[in-house]
Amino acid sequence: MKPTFPAYVVDGAPHEATGAIRHLSLADLPDGEVVIDVEWSSVNYKDALAAKGHPGVAPKLPHVPGIDCAGVVSQSDDPRFTPGDAVLLTGYDQGGARWGGYSAWVRVPADWLVPLPATLSTRDAMVYGTAGFTAAQCVLAITERVIPESGRVLVTGSTGGVGVFAVALLAKLGYEVAAVTGKAHAEPILRALGAAEVLPRTAVQDDSGRPMLRAQWAAAVDTVGGAVLETVLKATDYRGAVAACGLVAGDQLRTTVYPFLLRGLTLAGIDSAKCPPEPRRDVWRRLAGDWRVELPEHLIDEITLDTLPTAFERILAGGMLGRTLVKPISTAS
């Protein structure tokens, strides 16, 4: 094991923090039962907030972001894991209250780990990452309430990490998908993923003030929140379901009880960070099995620690398309 290893460390004032590659030792890492040799991590919106020192995400600086990682167990004080085991980690306090996956080595609580399914590589696991895991939970919430014959399923923010997987998973399961995007050039990509229809953002912008709208879809995966979610709720059909997992368009929800009382609507909130172990493993079994989807390679970008700042700026500006994987090395390492 290397005496020191590279990590992307964020420090400075809250909201104004900057990151740099530093070389750490195992003694610098937080407590935990298992040390992982990290092979891949990924870039998520929450990571970009942590990189800016957002106190709601990274409450204490210095900080190592990275809410995802996958790799091989190097050391373990827990009998459930032995050196050489391939594992993955998404959520919990990883990359938030605790240092995360933008590091060549991490030390984590054993309870947080998921044994890597045999059909997935560590790279496969991080192509999914929190984004794919969240999308699968959204789709599961819909499949429990709405069948494919019920009608179209809307996906907002469809070119983001969660969105592309939601489109692909729903299409694989036989649903007719309507994908919403502000990127007109992405229509061929979304159709290749399985979208039957691609809609502009204006399709989910309503300022009429009416408590309900004409029913337009049987269910929806909303990745953006705010006024978009308000419109989605008002336009979902009888006994429909909306899975909500994002807030990039706002954290406020102004609505009425009418969609819930008159149409029997279900609003399912999706929490990926604190999902209990058994449901978590069930979702990963699905993603490694019958629900497995493969993103085209042109939707997967691979970077190292050196180029994380550019990726953060891109995702905060809404310019991310597909998934960005992080190999926890630097050109200086």
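The structure presented is a predicted model; accordingly, all values stated were derived computationally and were not measured.

S.K.: Would you mind showing me how to read the packing of aromatic side chains here?
M.R.: The geometry of an aromatic ring pair is captured by two quantities: the separation of the ring centres and the angle between the planes. Summed over the entire model, instances satisfying the criterion amount to seven aromatic pairs. With a centroid separation of 5.3 Å and an interplanar angle of 0°, the aromatic rings of Tyr92 and Trp112 are classed as stacked. Within this pair, whereas Tyr92 is found in the loop between β5 (86-90) and β6 (105-108), its partner Trp112 is found in the loop between β6 and β7 (114-115), the two being separated by 20 residues in sequence. Each of the two residues, Tyr92 as well as Trp112, counts as buried. Residues Tyr128 and Phe165 carry aromatic rings whose centres are separated by 5.2 Å and whose planes lie at 40° to one another, so their mutual orientation is tilted. A residue pair is termed long-range when its members are at least 10 positions apart, and Tyr128 in helix α2 (residues 122-143) and Phe165 in helix α3 (residues 161-172) qualify at 37 residues. The rings of Tyr128, Phe133, Phe165 and Trp284 are connected pair by pair, giving a single aromatic cluster. One cation-aromatic arrangement involves Lys327 over Trp40; the distance from NZ or CZ to the ring centre is 4.5 Å.

S.K.: Before we go on, may I ask you to explain the sheet that holds strand β8 (residues 153-155) in this structure?
M.R.: What links the strands of a sheet is backbone hydrogen bonding, and the strands pair in either a parallel or an antiparallel sense. The six strands are arranged β10-β9-β8-β11-β12-β13 in an open sheet whose pairing can be described as parallel. Pairing within the sheet leaves two strands with one partner each, and these edge strands are β10 (197-199) and β13 (266-269). On average, each strand axis in the sheet is tilted by 20° relative to the strand beside it, whichever way the strands run. Sheet topology note: the strand β11 (residues 217-222)/strand β12 (residues 236-244) ladder contains five bridges and is parallel.

S.K.: Please clarify how the environment of Asp301 should be interpreted in this entry.
M.R.: By the secondary structure assignment, Asp301 is in strand β14 (residues 300-304). Here the alpha-carbon distance between Asp301 and Gly322, two residues 21 residues apart in the chain, equals 8.1 Å. Every residue in contact with Asp301, bar those within four places of it in the chain, is listed here: Arg314, Arg323, Thr324 and Leu325.

S.K.: In this structure, what is going on with helix α8 (residues 308-316)? I would like to understand it.
M.R.: For an α-helix the count is 3.6 residues per turn, leaving residues at separations of three or four pointing the same way. Considered for burial, the residues of α8 that qualify are Leu308, Ala311, Phe312 and Ile315. Projected down its long axis, α8 shows its buried positions confined to an angular sector of 100°, all on one face. Two residues or fewer past α8, Gly318 is found with a positive phi of approximately 75°.

S.K.: What is the right way to look at unusual backbone geometry in this model?
M.R.: Excluding glycine, a negative phi dihedral is what most residues carry, and trans is how most peptide bonds are arranged. Geometrically, the link from Leu61 to Pro62 is a cis peptide bond, its omega value of 0° lying close to zero. Looking at the secondary structure, you find Pro62 in the loop between α1 (45-51) and β4 (68-76). Its identity is not glycine, yet His15 carries a phi of approximately 70°, on the positive side. Among the structural elements, His15 can be located in the loop between β1 (5-11) and β2 (18-24). A positive phi angle, close to 55°, is found at Tyr92, a residue other than glycine.

S.K.: When you look at the state of the cysteines in this model, what are you seeing that I'm missing?
M.R.: Disulfide: a covalent bond formed between the sulfur atoms of two cysteine residues. If you walk through the whole model with that rule in mind, you get zero disulfides. With no disulfide of its own, Cys138 lies closest to Cys245 among cysteine sulfurs, the gap being 3.8 Å. On the basis of relative accessible area, Cys138 is assigned to the buried category, the value being 0%.

S.K.: Can you walk me through the packing of α2 against α3 in this structure?
M.R.: Pairs of packed helices are described in terms of their axes, by the angle between the two and the distance that separates them. Here α2 crosses α3 at 50°, and the two axes come no closer than 8 Å. By the angle between their axes, α2 is oblique relative to α3. For the pair α2 and α3, the sense of crossing is right-handed. Along the contact surface, α2 presents Val127, Tyr128, Ala131, Gly132, Thr134, Ala135, Ala136 and Val139, while α3 presents Gly161, Val162, Phe165, Ala166, Leu169 and Leu170. Its residues assigned to classes, the contact of α2 with α3 shows eleven nonpolar, three polar and no charged.

Rules and cut-offs
- Residues numbered from 1 in each chain as written.
- Predicted model: local features only at pLDDT ≥ 70, side-chain atom pairs only at ≥ 80, totals over all residues.
- Heavy atoms only, no water.
- Phe/Tyr/Trp six-rings, centres within 6.5 Å; stacked < 30°, edge-to-face > 60°.
- Helix = DSSP H or I, 4+ residues; strand = E, 2+ residues; numbered from the N terminus.
- Buried < 20%, exposed > 50% of the residue type's maximum accessible area, 1.4 Å probe, protein only.
- Lys NZ or Arg CZ within 6 Å of the ring centre and 35° of its normal.
- Pairing = 2+ DSSP bridges.
- Axes fitted to C-alpha atoms, helices over the stretch in contact; angles between N-to-C directions.
- Contact = heavy atoms within 4.5 Å.
- Arc of directions from axis to C-beta.
- Disulfide = S-S within 2.5 Å.
- Parallel < 35°, antiparallel > 145°, perpendicular 65-115°, else oblique.
- Left-handed = near helix turned anticlockwise from the far one by under 90°.
- Nonpolar A, V, L, I, M, F, W, Y, C, P; charged D, E, K, R; others polar.

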